[in-house]
Amino acid sequence: MEKKHIYMLVASLVIVIFSLIINSGAEFAGADGIAEEVISQINQDYSPWFSPLWEPPSGEIESLLFSLQAAIGALIIGYYFGFLKGKRQVKNDSGKNIV
């Protein structure tokens, strides 16, 4: 592993830990609920356009599903970039004379 990668990893960890220490008492709530509260304060007659087809039984299940969705998205993006890199490497290797 190169030094610059280690420096970037350490810097990322410092930023994450520092932000968690600063906001140690903060409640990490979803934006949907907060937005609905603010809209209800502005317009008393507000009613949502639709209701969910299924609501998870607990906040933990909801977090699990959100994390799973993020992981699947990261896998798809990672696969795509890996595919492009492999494709580029094969193209570069095919131009070389192998003896």
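Residues take numbers from 1 onward in each chain, read along the sequence in its written order. Reporting of local features is limited, given that this is a predicted model, to residues whose pLDDT is at least 70; pairs of side-chain atoms are given and counted only at 80 or more, and all residues count toward the totals for whole chains, interfaces and linings. Based on all heavy atoms of the structure, the side-chain values leave hydrogens and waters out of the count.

Trainee: I would appreciate a short explanation of the overall build of the protein chain in the present structure.
Mentor: Runs of E in the DSSP output that reach at least two residues are strands. Runs of H or I that reach at least four are helices, and both are numbered from the N terminus. Each helix and strand counted, the protein chain has three helices and zero strands in total. Going from the N terminus to the C terminus, the protein chain shows its helices and strands as α-α-α. The size measure is the radius of gyration over C-alpha atoms, and the globule rule it meets is 2.2 Å times the number of residues to the 0.38 power. For 99 residues, the compact-globule estimate of 2.2 N^0.38 gives 13 Å, and the protein chain exceeds it by more than 25% at 23 Å. To be clear on the numbers: accessible area is Shrake-Rupley with a 1.4 Å probe, and residue cover counts the displayed protein chains and nothing else. Counting only carbon and sulfur atoms, one obtains 66% of the accessible surface of the protein chain, whose full area is about 9800 Å². Computing the positive centroid from 7 side-chain charges and the negative centroid from 10, the protein chain places the two 35 Å apart. In this tally, Asp and Glu contribute negative charge and Lys and Arg positive charge; neither His nor the terminal groups of the chain are included. For the purpose of locating charges, the reference atoms are NZ of Lys, CZ of Arg, CG of Asp and CD of Glu.

Trainee: In this structure, what is going on with the environment of A74? I would like to understand it.
Mentor: The topology assignment puts A74 in helix α3 (residues 59-94). We call a residue buried when its accessible area falls under 20% of the maximum for its residue type, exposed when it is over 50%, and partly exposed in between, using a 1.4 Å probe and counting protein chains only. Residue A74 is classed as partly exposed on the basis of its relative accessible area of 49%.

Trainee: Would you explain a negative patch on the surface in this entry?
Mentor: Each patch groups residues whose relative accessible area exceeds 30% and which form no salt bridge, using 9 Å between like charges and 5 Å between nonpolar side chains of Val, Leu, Ile, Met, Phe, Trp and Tyr. By convention in these notes, a salt bridge is any Lys or Arg side-chain nitrogen within 4 Å of a carboxyl oxygen on Asp or Glu. Taken together, D32, E36, E37, E55 and E62 make up a surface patch of like negative charges. With three residues, helix α2 (residues 31-42) is the largest single contributor of residues to the negative patch.

Trainee: Can you help me understand the environment of Y7 in this one?
Mentor: With respect to the helices, strands and loops of the structure, Y7 is situated in helix α1 (residues 3-22). Separated by 62 residues in the primary sequence, Y7 and Q69 have C-alpha atoms spaced 29 Å apart.

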